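The residues making up each chain are set out below.
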Amino acid sequence: MLHACSEETYVNEHELQKEVKFTASIKSLTNDLKISTRATGSSWDDNDVIGVFMKDAGNTLPESALAVNRKYIVGEKGAISAANEEDKIHYPFNKKEVDFISYYPYRDNLDDNFSFSIDVSDQNKRAEFDILYSNNASKVNSSSENVNLEFTYQLPKVVLNIINSTEKELDKNFSVKITMPAQASF
């Protein structure tokens, strides 16, 4: 009588194709100032679009990218859905840990290092450079039901409220000058 052994691996098909479910929140800059931005204060505007990356846990982009610049749409309540079937992100098999990085607003044309140019010289176009970034979702695997991407503002908006504390009139030549570069790469 012959006896043969074989090593078989059984794959849980649900785990193999488990889609990552996201929510998004915005960390508020302050509680006492009204902020005029595209993503309003600490809430999303309906149909805001973000870019999402998935990478090996603890490693850096672009070397360990598993999903690159996937387009997701955020609803008013922070629920996120992929823009189309090709943009959906699925967990790696065998509960492999991953990290997520995300940014707003979404750009199609990232360079080889996943960067894009910012030009803040025209302050009438603030919505175009209202940059938000999230890298809080670390060491996540397929056992997670939901991944919350917590976004923070990357470019400050400076508002100066000048209050005259004397009875004298302010000098008409009074000015404030803030020097900073108008172009950058994010």
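To be clear, the structure that these remarks concern was listed above.
Residues numbered from 1 in each chain as written. Predicted model: local features only at pLDDT ≥ 70, side-chain atom pairs only at ≥ 80, totals over all residues. Heavy atoms only, no water.

*Asks:* Could you clarify how one ought to interpret the overall build of the protein chain in this entry?
*Replies:* Helix and strand counts for the protein chain stand at 1 helix and 9 strands. Ordered by position from N to C terminus, the α and β elements of the protein chain give α-β-β-β-β-β-β-β-β-β. A burial count over the protein chain gives 33% of its 186 residues as buried. Sequence separation of 24 or more characterises 67% of the internal contacts of the protein chain that already satisfy a separation of 6 or more. For the protein chain, the accessible surface area stands at approximately 12,800 Å², while carbon and sulfur atoms represent 48% of it. (Helix = DSSP H or I, 4+ residues; strand = E, 2+ residues; numbered from the N terminus. Buried < 20%, exposed > 50% of the residue type's maximum accessible area, 1.4 Å probe, protein only. Contact = heavy atoms within 4.5 Å. Areas by Shrake-Rupley, 256 points an atom, 1.4 Å probe, with all protein chains shown as cover.)

*Asks:* Teacher, can you tell me more about a nonpolar patch on the surface here?
*Replies:* Residues Val158, Leu160, Ile162, Phe174, Val176, Ile178 and Met180 make up a contiguous nonpolar surface patch of roughly 680 Å² in combined accessible area. Within the secondary structure layout, Val176 lies in the loop between strand E8 (147–153) and strand E9 (183–185). (Patch = residues over 30% accessible without salt bridge, like charges linked within 9 Å, V, L, I, M, F, W, Y side chains within 5 Å. Salt bridge = Lys/Arg side-chain N within 4 Å of Asp/Glu carboxyl O.)

*Asks:* How should I be thinking about the sheet that holds strand E5 (residues 98–104) in this particular structure?
*Replies:* The strand order across the open sheet formed by 7 strands is E1-E8-E7-E5-E2-E3-E4, and the pairing between neighbours is mixed. The sheet terminates laterally at strand E1 (22–26) and strand E4 (80–82), the two strands that pair on one side only. Recorded for the sheet is a direction-independent mean angle of 30° between the axes of neighbouring strands. Direction of pairing for E1 relative to E8: parallel, over a ladder of 5 bridges. Within E8, the residue paired with Ser25 across the bridge is Glu150. (Pairing = 2+ DSSP bridges. Axes fitted to C-alpha atoms, helices over the stretch in contact; angles between N-to-C directions.)

*Asks:* For this particular structure, what's the right way to read the pattern of salt bridges?
*Replies:* Opposite charge on two side chains permits pairing when their charged atoms draw close. What the rule picks out here adds up to 6 salt bridges. Linking Lys55 and Asp99 is a salt bridge whose minimum nitrogen-to-oxygen distance equals 3.0 Å. Taken together, the positions of Lys55 in strand E2 (residues 48–56) and Asp99 in strand E5 put the pair 44 residues apart, joining distant regions of the chain. There is no split in this pair, since Lys55 and Asp99 are both buried. Of the charged contacts, one joins Lys96 and Asp56 as a salt bridge, the two residues approaching to 2.8 Å between their closest N and O atoms. Of this pair, Lys96 sits in the loop between E4 and E5 while Asp56 sits in strand E2; the two residues are 40 residues apart in sequence, bridging distant segments of the chain.

*Asks:* Could you clarify how one ought to interpret the packing of aromatic side chains in this entry?
*Replies:* The description of an aromatic ring pair rests on the distance of the ring centres and on the angle between the ring planes. For the structure on display, the rule yields 10 aromatic pairs. Consider the rings of Phe53 and Phe114, whose centres lie 5.1 Å apart with planes at 50°: the pair is tilted. With a gap of 61 residues between them, Phe53 in strand E2 and Phe114 in the loop between E5 and strand E6 (117–119) connect regions that are remote in the sequence. For the pair Tyr133 and Phe186, a centre-to-centre distance of 5.8 Å together with 85° between the ring planes defines the contact as edge-to-face. Of this pair, Tyr133 sits in strand E7 (residues 132–140) while Phe186 is found in the segment after E9, placing the two residues 53 residues apart along the sequence. (Phe/Tyr/Trp six-rings, centres within 6.5 Å; stacked < 30°, edge-to-face > 60°.)

*Asks:* How should unusual backbone geometry be read in this particular structure?
*Replies:* Most peptide bonds are trans, and most residues other than glycine sit at a negative phi. Of the consecutive residues Leu61 and Pro62, the connecting peptide bond is found in the cis state with omega at 0°. Mapped onto the elements, Pro62 comes out in the loop between E2 and strand E3 (65–74). Within the chain, Asn94 stands out as a residue other than glycine whose phi angle is a positive 65°. Mapped onto the secondary structure, Asn94 falls in the loop between E4 and E5. Phi at Lys95 is positive, roughly 55°, even though this residue is not glycine. Mapped onto the fold, Lys95 is located in the loop between E4 and E5. For Lys95, a relative accessible area of 41% corresponds to the partly exposed category.

*Asks:* What should I look at first to understand the side chain of Asn141 in this one?
*Replies:* Mapped onto the elements, Asn141 comes out in the loop between E7 and E8. A polar side-chain atom of Asn141 sits 2.5 Å from a polar atom in the side chain of Ser143. The residues touching Asn141, leaving out its near neighbours within four places in the chain, are Tyr91, Lys95, Lys96 and Glu97. (Polar contact = N/O pair within 3.5 Å; in protein donor to acceptor, adjacent residues only side chain to side chain.)

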